[in-house]
Amino acid sequence: MSALGVEVGGLALKNPVLTASGTFGYGLEYDDFFDVAELGGICTKGLSLEPRLGNPPVRVCETPSGMLNAIGLANVGVERFCVDKLPVLRARGVTVIANIFASSVEGFVAITERLEAEAGVHAVELNVSCPNVTHGGIEFGRDPKLAAQVTAAVRRATRRPVWVKMSPEAGDLAAVARACEDAGADALTAINTIRGMAIDPETRSVRLANRTGGFSGPALRPVALRIVWDLVSAVKIPVVAIGGIGTARDALEFLLAGASAVQVGTASFVDPLAAKKVVEGLARYCEAQGVSVRELIGGVRSP
Amino acid sequence: MSALGVEVGGLALKNPVLTASGTFGYGLEYDDFFDVAELGGICTKGLSLEPRLGNPPVRVCETPSGMLNAIGLANVGVERFCVDKLPVLRARGVTVIANIFASSVEGFVAITERLEAEAGVHAVELNVSCPNVTHGGIEFGRDPKLAAQVTAAVRRATRRPVWVKMSPEAGDLAAVARACEDAGADALTAINTIRGMAIDPETRSVRLANRTGGFSGPALRPVALRIVWDLVSAVKIPVVAIGGIGTARDALEFLLAGASAVQVGTASFVDPLAAKKVVEGLARYCEAQGVSVRELIGGVRSP
Amino acid sequence: MSSPPPKPAPPPRRAFTAPLLRRESIGESYHVLSFDLPKGLIAQAGQFVMVHGQEWGQAPLLPRPMSLLTSGTAPSLLIKVVGEGTRRLARANPGERFQLLGPLGRGWRPLSPGKRALLVAGGVGVAPLLYLARELVAQGRRPVVVYGGRSAQDLPLDDELARVAELHVTTEDGSRGRRGRVLVALEELLTSDVEVYTCGPERMMAAVAERCREAGVPCEVSLETPMACGYGVCLGCAFKTTEGGYAYACVEGPCVTAERVDFTQHAAVGKAQGVAP
Amino acid sequence: MSSPPPKPAPPPRRAFTAPLLRRESIGESYHVLSFDLPKGLIAQAGQFVMVHGQEWGQAPLLPRPMSLLTSGTAPSLLIKVVGEGTRRLARANPGERFQLLGPLGRGWRPLSPGKRALLVAGGVGVAPLLYLARELVAQGRRPVVVYGGRSAQDLPLDDELARVAELHVTTEDGSRGRRGRVLVALEELLTSDVEVYTCGPERMMAAVAERCREAGVPCEVSLETPMACGYGVCLGCAFKTTEGGYAYACVEGPCVTAERVDFTQHAAVGKAQGVAP
Ligand SMILES: Cc1cc2nc3c(=O)[nH]c(=O)nc-3n(C[C@H](O)[C@H](O)[C@H](O)COP(=O)(O)OP(=O)(O)OC[C@H]3O[C@@H](n4cnc5c(N)ncnc54)[C@H](O)[C@@H]3O)c2cc1C
Ligand SMILES: Cc1cc2nc3c(=O)[nH]c(=O)nc-3n(C[C@H](O)[C@H](O)[C@H](O)COP(=O)(O)OP(=O)(O)OC[C@H]3O[C@@H](n4cnc5c(N)ncnc54)[C@H](O)[C@@H]3O)c2cc1C
Ligand SMILES: Cc1cc2nc3c(=O)[nH]c(=O)nc-3n(C[C@H](O)[C@H](O)[C@H](O)COP(=O)(O)O)c2cc1C
Ligand SMILES: Cc1cc2nc3c(=O)[nH]c(=O)nc-3n(C[C@H](O)[C@H](O)[C@H](O)COP(=O)(O)O)c2cc1C
Ligand code: FES
Ligand code: FES
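Residues numbered from 1 in each chain as written. Chains lettered and ligands numbered in written order. Predicted model: local features only at pLDDT ≥ 70, side-chain atom pairs only at ≥ 80, totals over all residues. Heavy atoms only, no water.

I would appreciate a short explanation of the domain arrangement of chain C in the present structure.
It is common to give the size of an interface as the accessible area lost on bringing the parts into contact. Residues and elements named next belong to chain C. The domain architecture assigned to chain C consists of domain 1 (14–104) and domain 2 (116–270). Measuring from the centre of the C-alpha atoms in domain 1 to the corresponding centre in domain 2 gives 21 Å. On the side of domain 2, 21 residues touch domain 1, which itself brings 22 residues to the contact. Of the roughly 1700 Å² buried at the junction of domain 1 and domain 2 (both faces included), carbon and sulfur atoms supply 71%. Secondary-structure elements contributing two or more residues to the side of domain 1 that touches domain 2 are strand S2 (30–35), strand S3 (48–53), strand S4 (64–67), strand S5 (76–80) and strand S6 (97–104). Considering every element that reaches the side of domain 1 that touches domain 2, the biggest residue donor is S5, with three residues. (Domains from an automatic or database assignment. Contact = heavy atoms within 4.5 Å. Buried area = accessible area lost by both parts, 1.4 Å probe. Helix = DSSP H or I, 4+ residues; strand = E, 2+ residues; numbered from the N terminus.)

Structure follows, in structure tokens:
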């Protein structure tokens, strides 16, 4: 394994840098920019059983060092993903994590089964933590029992690694995490966005049509780092970190805190090459310091 | 009542701008800058029964559009506050909200009783949500039953308005809020900081000696606004908003969302005159728009 | 209405970093920024870039979408100051470095053979239309332009426009040209041999589109939805279509045929413009 | 060790906004910034200001503590680039507006009658010591200075210092003055008639303080703890005292007698300085 290679719950990644679901499309929008197969992997936009149109606009707005989104999980549906997108990704050798979402346990299983029929999916990431839909988003991620049910059901439906994406809004996140671990999750990913809101004092109206939206970006990073740190000591399975990561320095914070890999999210909006630059920055850091990424994981010191 | 005057659970304020606990000292540090009696009021640094030294350094660090603090509730103790600080504030006509903190219900009551002996305290704010101490901080604020116990006990110990400061980390914040309301709270204040963390990739060590710290500043504002919005519809008692407020525009967001007053926190570090400028900005806005602050409260429109 | 010729494929997108070459301020609110890009940015009229200051750090966080005013080795933008990002652009000094991502989206559809172009601009919406006007002139097809603003101050680059087009100006306060909104000038110009291209405040474009529909004249609008990425991955730039679903302004637009846009539903208003219909 | 004379009361603190007057760069890392402040900032040697760019918006969020190099109507600071805030300061152009809060904290204690001042500076820590040296010279009490850096590049303003003091330079790489750290030069200068003032990396100050203690010589240090407010309300700038509790560097310091500082516990390290002991 090279200095950058890591292993996440049985899945070997050429480097620890993935892209976060919903911030990298289906990975096919980057042809003009770079070869996404250079990344550790990509998490697809959240896939549902049927295509979804998403929420009415306005869907995004900026906040200090962050943003709010209320996309509402617009996506092409798992069928079109399998037919239109996956074959191209597979042909290019991209490591694909399918992020999936449903409003029932059966829905999660049905999507997983459809994906099981296709080659080229390397893991399934369960979004049990979307703040922007009325049914079946976040409640799964808040309740240890529900989270475990979804995890166990998907676990039975696939031979592939199952990752569960944590909601930062669970009251007792460690309990949810352990429930998922016990139910057979191979890794946890954290965090999804936290619900936020913005009002325009000029027009006195809410900025997003959905009123509230998911808060992401650099502003979120300190909270995400603390949650990842908490999770790392709560479970034995690997944790994949997400939240405001846009540079190699940011990625190092999370690796040192114990994350086995990271996902670049909002930063890709600022610069489509952000994830690639994180890989390059980590390579330079490891070279300069004479360490491998694996040696860095969990290596933070207390003062 | 002037265009700026508001009423918060029986307490009349000359304007809706207070300063947040822990970010304005004891209100006596501003002599060189302005007359703090011009503000709606000040919340004192959190007071405990005995003086507290606080946490070892490093206690603060900056994050994107925000900061982390792990002060550890260093304070002079309620006795010295009553003897050294309160008489000066009283003589100057400052509206004083005493922010208090203890690790037991009895502790909260004892501090309240000590304050009850003094004139010049206009309300008591219960900090049941400090993330930076090992005992008796945040657990009161996470559990509806404990929060209600503290509230009810303090309620019995004072004739003054009782405000309860909400932890953003409660799993079911609405339940905690309603429990406090039922136990006799006159107002809720929200939000305290969210726990965060930062690591220095250069030294590979955590930035704060306490490892984690409370996250505050503009970065926090969208999350605070959403929580305040949620609380306003969860309870009938007034909500006083805190979180990233540093300008009149910021204050308007929260007033429009339904807050009856606001507290300026971290912004005072950036500019000691921040709270005064918020008052002036609101005055200009009300004048220009021909409205009173009371008419603005809860006046947000959906798109 | 015969269907207009299809749009040519857009040129490849690149992430450039470039220093500011020049800033020319037109009053306090409007600024033309040009960048030093020896490699050259190849674009079509109506396309845009996402621009972000390398000095901005993490606030303003996101790049800002801006229509190209010109392309080539010194691509330029017309900026109207409406908030923090545009304020920073307006104060930038030569040498300051920017990231330019582009060219993005789909430009204006080509003018049909035998037709005349009627351009309707509101305030800062003039940028992609001036680009178009210059291109049409180069093809020997000098356009007619209606240019409206609140007052004489809200008509940046009107002199440039007058150089390449037959220019009709309207202002709401009558301080320049005809008093009123663009519709008053549009009326007599809306003959059956024209095709309309419009960019400006959404309510203006909606009104123009409606008049064109009534007159049976094709109308192309340039949408200014809020955008996070500009290249099709965030799904933030949705606009409601008359077919019922949503389309994405950064990849299917910003220039789209007005028939596709459900203006009654379209809340993604660009508030940045200075002119109401 | 007789107790030194008490510090005079500090002048009142003010929140000023002022444009940058001049920036003089000393290599890439060091920059002297002076501000245009006709009202004048009255301060004592060793006091500091909190400085924040009005253009910075919300990131960098907090003002940065900086020792005053000079006060008056064109107060100046010596900046060493270590992170985002100092980088922005280092790139500021004349005319750019800043908020200056100050003067803050307590300056250096007065030199006892009959004593000679020995100043020990490490890298950018020279700023408050150059201020002090100039003041001592004005009083006819020319000081001796030991100035250490990693290499010749880490000795900003050494020429200014040489003008007002007997200067002894040390560099770790020997590229200038004596090879080694400041302690090597300190040894022979540490006579019983001197009082020491030191500012630089914390480990350097700890070592200097320790040598002074052994030699029975009073030592005043200037602490660089992280600070959020600079005026006593955040309680972020705590340093561990030898009495057992914490004291606050922004109000009781930054200049304090070394005896009060528990350097063994003191984690509030200023990493910004270029010199180890
Ligand atoms: C395809 C496209 C092309 C554009 N071309 C130009 C141009 O050539 N010149 C120009 O000056 N502006 C143009 N805009 C608008 C420009 O992007 C916004 O004015 C800018 O993003 C506002 O940033 P800010 O930080 O100054 O304001 P903010 O502080 O972000 O917002 C200030 C106000 O502007 C509104 N706003 C925010 N983002 C947008 C947006 N993307 N579109 C419209 N309104 C917005 C907000 O709702 C708010 O009312 C274009 C927008 C798009 C989508
Ligand atoms: C009383 C006082 C006087 C000072 N005088 C000067 C001076 O005259 N010239 C000068 O260049 N610097 C001085 N400093 C240090 C200066 O404040 C810091 O270098 C600056 O705040 C770093 O900001 P930044 O955004 O560039 O770096 P950041 O990105 O905030 O941090 C970069 C590095 O610097 C460290 N750091 C952050 N804040 C401080 C701090 N307050 N003190 C020390 N290290 C810090 C961080 O731990 C990190 O390793 C002084 C500090 C204090 C407390
Ligand atoms: C526009 C947008 C769309 C998103 N869509 C999804 C999604 O479909 N599924 C999902 O699990 N997370 C989604 N997320 C959350 C991100 O994957 C990520 O968890 C979050 O943005 C925090 O990371 P960041 O700060 O790096 O952006 C979305 C985030 C954004 C900003
Ligand atoms: C340095 C610091 C110290 C604080 N101390 C207290 C405290 O003693 N008691 C309390 O209830 N809240 C305390 N807080 C929380 C603030 O009162 C406020 O709830 C929080 O900072 C969010 O507001 P802001 O973003 O405006 O700072 C402290 C915050 C900071 C930054
Ligand atoms: S702006 Fe991101 S998809 Fe259009
Ligand atoms: S820096 Fe805030 S109390 Fe010293």
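Now that the structure has been shown, we can carry on.
When you look at the interface of chain A and chain B in this model, what are you seeing that I'm missing?
At the junction of the two partners, chain A supplies 48 residues and chain B supplies 48 residues. For the pair chain A and chain B, the summed buried surface comes to about 4100 Å²; carbon and sulfur atoms form 59% of the total. Among the residues of chain A in contact with chain B, Met197(A), Arg204(A) and Arg226(A) are the three that bury the most area, contributing 18% of the side total. The partner of Glu169(A) in a salt bridge is Arg226(B), with the nearest N and O atoms 3.9 Å apart. Run the count over chain A and chain B and you get 21 residue pairs in polar contact (both at pLDDT 80 or more). Breaking the side of chain A that touches chain B down by element, the ones donating at least two residues are strand S11 (194–197), strand S12 (199–200), strand S13 (205–206), strand S14 (212–216), helix H6 (221–234), helix H7 (248–256) and helix H9 (274–289) of chain A. Take the side of chain A that touches chain B: its biggest share by element is seven residues, from H6(A). Within the side of chain A that touches chain B, the residues separate by chemical class into 25 nonpolar, 10 polar and 13 charged. (Salt bridge = Lys/Arg side-chain N within 4 Å of Asp/Glu carboxyl O. Polar contact = N/O pair within 3.5 Å; in protein donor to acceptor, adjacent residues only side chain to side chain. Nonpolar A, V, L, I, M, F, W, Y, C, P; charged D, E, K, R; others polar.)

Any chance you could explain the sheet that holds strand S16 (residues 261–264) of chain B here in plain terms?
In any sheet, the strands associate via hydrogen bonds between backbone groups, in a parallel or an antiparallel arrangement. Residues and elements named next belong to chain B. Spatial ordering of the closed barrel is given by S3-S4-S7-S8-S9-S10-S15-S16, a layout of eight strands whose pairing is parallel. Neighbour-to-neighbour, the strand axes of this sheet turn through a mean angle of 25 degrees, independent of strand direction. Bridge count for strand S3 (residues 17–19) against strand S4 (residues 41–43) is two bridges, and the pairing is parallel. By the bridge assignment, Leu18 is partnered in S4 with Gly41. Strands in contact with helix H6 (residues 221–234) are strand S10 (187–190) and strand S15 (239–242); relative to S15, the strand with the most contacts, it is inclined by about 175 degrees. (Pairing = 2+ DSSP bridges. Axes fitted to C-alpha atoms, helices over the stretch in contact; angles between N-to-C directions.)

Whenever I open this one, the sheet that holds S4(C) confuses me. Can you help?
Residue and element names in this part refer to chain C. On the basis of which strands lie adjacent, the open sheet formed by six strands has the order S4-S3-S6-S1-S2-S5 and antiparallel pairing. Each edge of the open sheet is held by one strand with a lone partner, namely S4 and S5. Shown here is a sheet whose adjacent strand axes are inclined to one another by a mean of 40 degrees, direction ignored. Taken together, the five bridges between S2 and S5 define a ladder with antiparallel strand orientation. Looking across to S5, one finds that His31 is bridged to Ile79.

Whenever I open this one, the site of ligand 1 confuses me. Can you help?
All names here are of chain C. Near ligand 1 you find 24 residues, and of these Pro65, Leu78, Lys80, Gly85 and Thr86 are the closest. Contact distances for ligand 1 include 2.6 Å between an oxygen atom and a backbone N or O atom of Pro65. When ligand 1 is considered free in solution it has 840 Å² of accessible area, and contact with the protein chains removes 86% of it. Secondary structure elements with two or more residues in the shell around ligand 1: S4, S5 and helix H1 (84–91). Grouping the amino acids of the shell around ligand 1 by side-chain chemistry returns 13 nonpolar, six polar and five charged. If you count residues domain by domain, the shell around ligand 1 takes at least three from each of domain 1 (14–104) and domain 2 (116–270). (Near = heavy atom within 4 Å. Areas by Shrake-Rupley, 256 points an atom, 1.4 Å probe, with all protein chains shown as cover.)

Which parts of the structure should I look at to understand unusual backbone geometry?
Negative phi values dominate among residues other than glycine, just as trans dominates among peptide bonds. Of the consecutive residues Pro57(B) and Val58(B), the connecting peptide bond is found in the cis state with omega at 0 degrees. Relative to the assigned elements, Val58(B) resides in the loop between S4 and strand S5 (60–63).

Where do I start with the site of ligand 2 in this structure?
Residues and elements named next belong to chain D. Near ligand 2 lie 24 residues; those nearest to it are Pro65, Leu78, Lys80, Gly85 and Thr86. Here an oxygen atom of ligand 2 sits 2.6 Å away from a polar atom, N or O, in the main chain of Pro65. With respect to ligand 2, the backbone of Ser67 contributes an N or O atom lying 3.0 Å from a nitrogen atom. Its free accessible area being 840 Å², ligand 2 has 87% of it covered by the protein chains. Looking at the shell around ligand 2, the elements that each hand over two or more residues are strand S4 (64–70), strand S5 (76–80) and helix H1 (84–91). At four residues, the largest contribution of residues to the shell around ligand 2 is made by S4. Residues that form the shell around ligand 2 fall into these classes: 13 nonpolar, six polar and five charged. Viewed by domain, the shell around ligand 2 spans two of them, domain 1 (14–104) and domain 2 (116–270), each represented by three or more residues.

Quick question: what am I supposed to make of the relation of the copies chain A and chain B here?
Between the two copies of the chain lies a relationship made up of a rotation around an axis and a movement along it. The operation relating chain A to chain B is a screw motion whose rotation component is 180 degrees, with 0.0 Å of axial translation and a residual RMSD of 0.0 Å. Taken together, these values place the two copies in the relation of a two-fold axis. Residue Gly171(A) of chain A places its C-alpha closer to the rotation axis than any other residue of that unit, at 1.6 Å. When the interface residues of chain A are mapped onto chain B, 100% of them again lie at the interface, so the same face is used by both copies. (Least-squares fit on C-alpha atoms with pLDDT ≥ 70 in both.)

Please clarify how the pattern of salt bridges should be interpreted in this entry.
Where charged atoms of side chains with opposite charge meet at close range, the side chains can pair. Inspection of every chain in the model, using the stated rule, returns 82 salt bridges over all chains. Residue Glu38(A) pairs with Lys276(A) through a salt bridge whose shortest N-O separation is 2.9 Å. On the criterion of sequence distance, the pair formed by Glu38(A) in the loop between strand S3 (17–19) and strand S4 (41–43) and Lys276(A) in helix H9 is long-range, its members being 238 residues apart. Residue Glu38(A) is classed as partly exposed on the basis of its relative accessible area of 36%. We note a salt bridge from Arg109(C) to Glu195(C), for which the minimum N-O separation is 3.1 Å. Of this pair, Arg109(C) sits in the loop between S6 and strand S7 (116–122) while Glu195(C) sits in strand S11 (residues 194–199); the two residues are 86 residues apart in sequence, bridging distant segments of the chain. A single salt-bridge network, built from bridges that share partners, covers Arg142(A), Glu169(A), Arg195(A), Arg226(B) and Asp230(B). (Buried < 20%, exposed > 50% of the residue type's maximum accessible area, 1.4 Å probe, protein only.)

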